[in-house]
Amino acid sequence: MSSFTVAALEAVADRIIQHKELLTSLDAAIGDADHGINMARGFEAVRVKIRAAAPETDISGLLKMTGMTLISTVGGASGPLYGTAFMRAAAAAQGKETLDQEAIAQIWSAALQGIKDRGKASRGEKTMLDAMEPAYEAFVEAAKAEKSLVESLEVACEAAKEGIEFTKTIIATKGRASYLGERSLGHQDPGATSSYLMLAALTEFFHNQQLGA
């Protein structure tokens, strides 16, 4: 399971690094123009750490390693927020040996709560939660409807995309973007976008695993 989890996290890291310029350009419109730079730096460090992890490192250990690395290497608000998400995910993953739908739902729920607690944020404030929370809810509903893991992730991705579009229609009330007031209207949130990219990478990873790629 260690090599599987490493590969999943590498897929996430690769997707963020590939979209460094997009995330930076989105942040340039309503923030400090550093979201892509910071996130790419953090996930480059994550990639190095997890590749060097001991073979016996479990899911929880790898998630904790990811969280600690993001906290120490990503600047701005994103490091503490995503770092806390992965640390909470690690706690929820303790003792878990497989990443099935139930495990992913529990891990995701813990990560989501970590972001809410750390950022003192809620849905509708033009943050990553506007993509991540509806995606989580869609995943849980799809699982209840007995859709497969990959199908549930695909439904979650669509909900996250809709969440990104929603952020264009609201005024930012959290973070740097909130200083712009009404001028933040019409712009999509960089954090919502980076969280969608992570989810999309995981969805593609699990899809390829299902196909035996």
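Refer to the structure above for everything that follows.
Residues numbered from 1 in each chain as written. Predicted model: local features only at pLDDT ≥ 70, side-chain atom pairs only at ≥ 80, totals over all residues. Heavy atoms only, no water.

## Observations regarding the nonpolar core
- Phe43, Leu63, Trp108, Phe139, Leu199 and Phe206 are the most contacted members of the largest nonpolar core, which totals 57 residues.
- Breaking this core down by element, the ones donating at least two residues are helix H1 (2-18), helix H3 (35-51), helix H4 (59-73), helix H5 (78-92), helix H6 (101-119), helix H7 (129-144), helix H8 (149-167) and helix H9 (190-211).
- At nine residues, the largest contribution of residues to this core is made by H9.
- Contact partners of Trp108, with chain neighbours within four places excluded, come to Met132, Ala135, Tyr136, Phe139, Ala156 and Leu199. (Core = buried A, V, L, I, M, F, W, Y, C linked by side-chain atoms within 4.5 Å. Buried < 20%, exposed > 50% of the residue type's maximum accessible area, 1.4 Å probe, protein only. Helix = DSSP H or I, 4+ residues; strand = E, 2+ residues; numbered from the N terminus. Contact = heavy atoms within 4.5 Å.)

## With respect to the environment of Lys120
- Structurally, the position occupied by Lys120 is in the loop between H6 and H7.
- By relative accessible area, which is 64% here, Lys120 ends up exposed.
- Along the sequence, Lys120 and Met65 sit 55 residues apart, while their C-alpha atoms lie 24 Å from each other.
- Polar side-chain contacts of Lys120 include one of 3.0 Å to the backbone oxygen of Asp117. (Polar contact = N/O pair within 3.5 Å; in protein donor to acceptor, adjacent residues only side chain to side chain.)

## Some words on H7
- Under the 1.5 Å per step criterion, the end-to-end length of H7 is 22 Å for 16 residues, consistent within 8% with the ideal 22 Å.
- The element H7 is largely enclosed, with a buried count of 12 among its 16 residues.
- Within H7, burial applies to Leu129, Asp130, Ala131, Met132, Glu133, Pro134, Ala135, Tyr136, Ala138, Phe139, Val140 and Ala142.
- Considering only its buried residues, H7 is in contact with H5, H6, H8 and H9.
- Taken from the residues just after H7, Glu146 is the one with a positive phi, measuring 65°. (Expected span 1.5 Å × (residues − 1).)

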